[in-house]
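# Coordinates in review
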Number of protein chains: 4
Amino acid sequence: MDTAAILAEIHAELSAREDRGRVADYIPELARVDPAQFALSVVLADGSQHSVGDARVPFSIQSISKVFTLAIALGRLGDRLWARVGREPSGHAFNSILQLEGEGGRPRNPFINAGAIVVTDAILAGHQPKELLGELLRFIRDAAGDDDIHINARVARSETRTGHRNFALAHFMRAHGNLENPPDLTLGAYFHQCAIEMTCDQLARAGRFLIGAGGGPRLVSPGRVRRINALMMMCGHYDGSGEFAYRVGLPGKSGVGGGILAVAPGRAAIAAWSPGLNAQGNSKLGTEAVEMLARRMGWSVFG
Amino acid sequence: MDTAAILAEIHAELSAREDRGRVADYIPELARVDPAQFALSVVLADGSQHSVGDARVPFSIQSISKVFTLAIALGRLGDRLWARVGREPSGHAFNSILQLEGEGGRPRNPFINAGAIVVTDAILAGHQPKELLGELLRFIRDAAGDDDIHINARVARSETRTGHRNFALAHFMRAHGNLENPPDLTLGAYFHQCAIEMTCDQLARAGRFLIGAGGGPRLVSPGRVRRINALMMMCGHYDGSGEFAYRVGLPGKSGVGGGILAVAPGRAAIAAWSPGLNAQGNSKLGTEAVEMLARRMGWSVFG
Amino acid sequence: MDTAAILAEIHAELSAREDRGRVADYIPELARVDPAQFALSVVLADGSQHSVGDARVPFSIQSISKVFTLAIALGRLGDRLWARVGREPSGHAFNSILQLEGEGGRPRNPFINAGAIVVTDAILAGHQPKELLGELLRFIRDAAGDDDIHINARVARSETRTGHRNFALAHFMRAHGNLENPPDLTLGAYFHQCAIEMTCDQLARAGRFLIGAGGGPRLVSPGRVRRINALMMMCGHYDGSGEFAYRVGLPGKSGVGGGILAVAPGRAAIAAWSPGLNAQGNSKLGTEAVEMLARRMGWSVFG
Amino acid sequence: MDTAAILAEIHAELSAREDRGRVADYIPELARVDPAQFALSVVLADGSQHSVGDARVPFSIQSISKVFTLAIALGRLGDRLWARVGREPSGHAFNSILQLEGEGGRPRNPFINAGAIVVTDAILAGHQPKELLGELLRFIRDAAGDDDIHINARVARSETRTGHRNFALAHFMRAHGNLENPPDLTLGAYFHQCAIEMTCDQLARAGRFLIGAGGGPRLVSPGRVRRINALMMMCGHYDGSGEFAYRVGLPGKSGVGGGILAVAPGRAAIAAWSPGLNAQGNSKLGTEAVEMLARRMGWSVFG
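Criteria and thresholds
- Residues numbered from 1 in each chain as written.
- Chains lettered and ligands numbered in written order.
- Predicted model: local features only at pLDDT ≥ 70, side-chain atom pairs only at ≥ 80, totals over all residues.
- Buried ≥ 20, exposed ≤ 12 C-beta atoms within 10 Å, placed from the backbone.
- Helix = DSSP H or I, 4+ residues; strand = E, 2+ residues; numbered from the N terminus.
- Pairing = 2+ DSSP bridges.
- Least-squares fit on C-alpha atoms with pLDDT ≥ 70 in both.
- Contact = placed C-beta atoms within 7 Å.
- Nonpolar A, V, L, I, M, F, W, Y, C, P; charged D, E, K, R; others polar.
- Axes fitted to C-alpha atoms, helices over the stretch in contact; angles between N-to-C directions.
- Domains from an automatic or database assignment.
- Core = buried A, V, L, I, M, F, W, Y, C linked by C-beta atoms within 7 Å.

## Focus: the pairing of strand β8 (residues 259-264) of chain A
One face of the sheet, then the other: side chains in a regular strand alternate in exactly this way. All names here are of chain A. The buried count for β8 comes to six of six residues, which makes it a mostly enclosed element. Pairing geometry for strand β7 (residues 252-254) and β8, over three bridges, is antiparallel. What sits directly across from S254, in β8, is I260. Once β7 ends, the chain turns through four residues before running back antiparallel as β8, passing G258 with a positive phi of about 100°. Both β8 and strand β9 (residues 268-273) contribute to a ladder of six bridges, which runs antiparallel. Residue pairing for β9: I260 is matched across the bridge by A272. The antiparallel hairpin formed by β8 and β9 contains three residues in its connecting segment, where G266 sits at a positive phi of about 80°.

This is the structure:
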């Protein structure tokens, strides 16, 4: 069976699914998204793309943006970045402050909130958030080969108003000397990066640079692709990363907007979207879709 | 360059290395192992084997035994095992009791000590430790195709005498109803499984069943191979698992005796041994050897 | 109103109380105690005693025994004891292992389980549990002026069988070098000391040595009396110590058998007993009785 | 020997002391205080006052202000305050965020930073910080019978600039719904209350209302005096509260500026000041001075 047929099959199977998890409701802009939506899109190494469902509906990529800021930060700072953030799974919820206290204000990895705030702070480096956001959008648009990708300012403002836990993380790291810019400035950039909107089609294309073998623009070196994929595998789904590795067997990064970006190294970039989340805060149907796809395509990196 | 030449090159480069880490010294039997020893062995998918260094010197496999007990436990209990132990990285040291208290006596994964004790307890299931150990040795001997693999009784006795932290973990889980057998009995089996001795040659051959494509005996189903590899990737190096994934890019499991078993899915099983440990308790030169091998062979699962 | 009248009044008021908390049920011997029982007894500094309710029914003193072992340990080791156990409230449940891991195996104070096990271990010091228990019974009988005080061997055996959490604490401290005797031996003594049975009448008399001004035998120096009282105030009711200080304003020590020993320095020793416990594991009616007594007698140490 | 002679004796003994601890240095205004200064002042229940040393030099009362805001908050909200903050010792450092995460954003007691911020937030209640600070200064001036007590605006500004850890605590509690006002506003009031300056003479007089028997203005009811004293005993010296109770035996509250306010219920209010701090962040010589005084006067509440 070919890729298109497998996607159609997965779409059909998941359409019947009643339990779709819980839509994130901490800001009104996310809460009112229709939970019935679903999309799955795949770009193969040869550049061909296949999509099913609502693949042209923009959604808030939220934490998936952390993959792109990490790529930029590694390009700019290289291994110096690791002085400020670790590379280990956290063993705690995505927004936990516990670990930070135990480890002197150095977040465990770049994909939990605290770590992503540090990464954003590192590339902000005295510039205005506007400049950083301009560079980030350029990177993502280049990756996707599509200029129609924007920030939803209303979402960013809502997050700024309600993001007290992120303010707590930022001030805490600042107290430990692990934030260079004023918390307001770094978080201003952070909340806007999370408010980027993309369609599933766009997101799959933007993930091509992580396939690591033709098929997309070479935005980072092969060695760096491997490392970003390793970090996505180990830490990309918060405290559900082990579960994703066990079930899906691919590097991936989820966002609270219901999106998932996954990579089958050498083979494909995958984007899935469904707004309902499971207990770990990852898209419920999105995870299942990527799991079904990986199994039917034989794409697990584990054999 | 072929595999044998690459191995020879790695051997030569690492021979000059002066900083070889610290040999584990909590029991005399491990403390007196010569730190200058080093071995690396590879079995390719076609069954051919290449080794360098002290590949025929037996060493204590310690925590690497957890891979084999997990394979047996999954074969016997299937997914019921996961009611008693999780599949997430721990974010804590290998013998931490902190996480257990926070999560009601259910260890985070089968490769930290608490989780491995639960796995052993699950397959003990009312039998005598002797029977379990017989079955485990049979499994390992079948996997390696070699009957000359034994338990070092003196090591087992030493660990029993000094293993108070493991006794604490076992009693703690028993207090939470997550240990079926008396702690003495389960730990008796556990300390003996850790005291199994193998050579690097034997260990690489014993890892063939995880390659997942010919080359070795089919001891578990392909789906299970993928899952064991996923768990090794996520949790196989304690609180250094993220580091191993980042540097090496292969599933692997380390032991405090200085051994590492790693798998390049579809391609090879790898065993490395050098007694000196790094800060996370994993073999210092062993890790470097596997990292060099994976890079030069292009074996990273991440692209 | 005189002391006897106030006691009678309290007895009458509390008799009507329906919500009496939950009897400890982790061993059958405690679970089957009649929850309707209640006693309150006071020995004034002049030696006179007043009691109401079931003041002649023996009950299991459990953790109240820790006051007597602490007095013996301070007499034997003096300030050397504090190298092994702290003097701060724990901020955790009575049997928590969390704090131990964070602080290298040194319990926060002598009244949480871990700390009391260390105190028992310190006075065991190579002797047999039998000798320690003989000395402890002599101390308590002298304090109470009553030889009819015994250990309930069935309770001790039950605790030994079910005390896995205490075994975990003991092995954990042994792993940190903070237990001198084999865990089995120290816990053997510990479980037996907790299984001492006393009546409320006997317990109030046994507390006279803490009044610190005549009225009872001088078993420890005045300076030591002050310090034991300080420790009872700060740590005597586990994670409900702040609550007891706030409501009652007296040093006190509770046991899971429903007993409370409290001291009004310079004025009186108080014993209360009612088997039902509140959420913090302290006697519900016992706490209320001591609170009413302290308020009506004007005995709070806080003004 | 009378009170004045005992004070003179203590002053003489402590003058020779070389190890005076470490002056707080997180803001320049505190760092440049002369560490050689020392003062001790006592107001007896009869209203007479005795002082030695630098008793007329103003210092930053810092956390001692929490006693006064607590008194105001209890007067205004009564027991409703306890819905937002607990009454138990914390078992952690004064500015820990660990406990907050474990207990859903409800601080353990009103004297750790998080708890004091909640108390200030509760009495701010929609008003401007200016109004709250006016009320607080009136309360303290009434208590001391002295209008010459002011806020050091430079200290307040410094704390605002460097108080990232307190911002983290405030935002974290706001995220849990346990802060009613914007963090900036509540912390604005909090940093200013901590920047109040008093002399040792003034502070001892301001403590008279806690003696609970004549000698000073009756600012709160006797029952409330007892409760405030209980909280000071249990939680007044952060994670050194057990130590202070053990050594001194009196309720007390310390500040990072080196001040201590202690109460001998029914007998005296005591103020000590010396800028050098011990490991728990409490005045080193101040603690010793109050300990010597309590012992020589026989003032311990514990007998």
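## Observations regarding the relation of the copies chain A and chain D
Between the two chain copies there is a screw-like relation: a rotation about an axis and a shift along it. In the superposition of chain A on chain D (RMSD 0.0 Å, axial shift 0.1 Å), the rotation amounts to 180°. As the rotation angle and translation indicate, the two copies are arranged about a two-fold axis. In terms of C-alpha distance to the rotation axis, chain A has A168 of chain A as its closest residue, with the C-alpha 1.9 Å off the axis.

## Let's talk about the interface of chain C and chain D
Accessible area lost on assembly of the parts is the figure often given for the size of an interface. Contact residues are listed per partner, giving 34 residues for chain C and 34 residues for chain D. Sorting the residues of the side of chain C that touches chain D by element identifies α11 (222-235) and α12 (241-247) of chain C as the ones contributing at least two each. Residue contributions to the side of chain C that touches chain D peak at ten residues, all from α11 of chain C. Here the residues of the side of chain C that touches chain D sort into 14 nonpolar, 13 polar and seven charged.

## Things to note about unusual backbone geometry
When glycine is set aside, most residues are seen to have a negative phi, and most peptide bonds are trans. For A125 of chain C, which is not glycine, the phi torsion reads 45° and is therefore positive. Among the structural elements, A125 of chain C can be located in the loop between α5 (113-124) and α6 (129-144). You will see that Q62 of chain D, though not glycine, has its phi angle at about 50°, which is positive. Structurally, Q62 of chain D can be placed in the loop between β4 (59-60) and α3 (65-77). The exposure class assigned to Q62 of chain D is buried, which follows from the 22 C-beta atoms found within 10 Å.

## Here we look at the sheet that holds strand β7 (residues 252-254) of chain D
Residues and elements named next belong to chain D. The strand order β3-β2-β9-β8-β7 describes an open sheet built from five strands, whose pairing is antiparallel. In this open sheet, the two strands that pair with only one neighbour each are β3 (49-53) and β7. Ignoring which end each strand starts from, the neighbouring axes of this sheet average 10° apart. Strands β2 (39-44) and β3 of the sheet are contacted by helix α1 (residues 3-15), whose axis makes an angle of about 15° with β3.

## What to know about the domain arrangement of chain A
Residue and element names in this part refer to chain A. For chain A, the assigned domains are domain 1 (3-62 + 197-297) and domain 2 (63-196). Counting residues at the interface gives 34 residues for domain 1, matched by 36 residues for domain 2. Looking at the side of domain 1 that touches domain 2, the elements with two or more residues in it are α2 (28-31), β6 (196-198), α10 (200-206), α11 (222-235), β7 and β8. The element contributing the most residues to the side of domain 1 that touches domain 2 is α11, with six residues. The class makeup of the residues in the side of domain 1 that touches domain 2 is 18 nonpolar, nine polar and seven charged.

## Focus on the nonpolar core
Ranked by size, the top nonpolar core spans 420 residues in total, and within it I270 of chain A, I270 of chain B, I270 of chain C together with I270 of chain D carry the most contacts. Sequence-distant contacts of I270 of chain C, that is, excluding residues within four places in its chain, are made with V42, A204, A262, A264, V290 and L293 of chain C.

## Structural notes on the environment of G21 of chain C
Assignment of secondary structure puts G21 of chain C in the loop between α1 (3-15) and β1 (22-23). With residues up to four places along the chain from it excluded, the contact list for G21 of chain C reads G276, L277, N278 and K284 of chain C.

## What to know about the interface of chain A and chain D
Contacts between the two partners involve twelve residues from chain A, matched on the other side by twelve residues from chain D. Of all the elements, helix α8 (residues 164-175) of chain A adds the most residues to the side of chain A that touches chain D, at eight residues. Looking at the side of chain A that touches chain D, its residues break down into six nonpolar, three polar and three charged.

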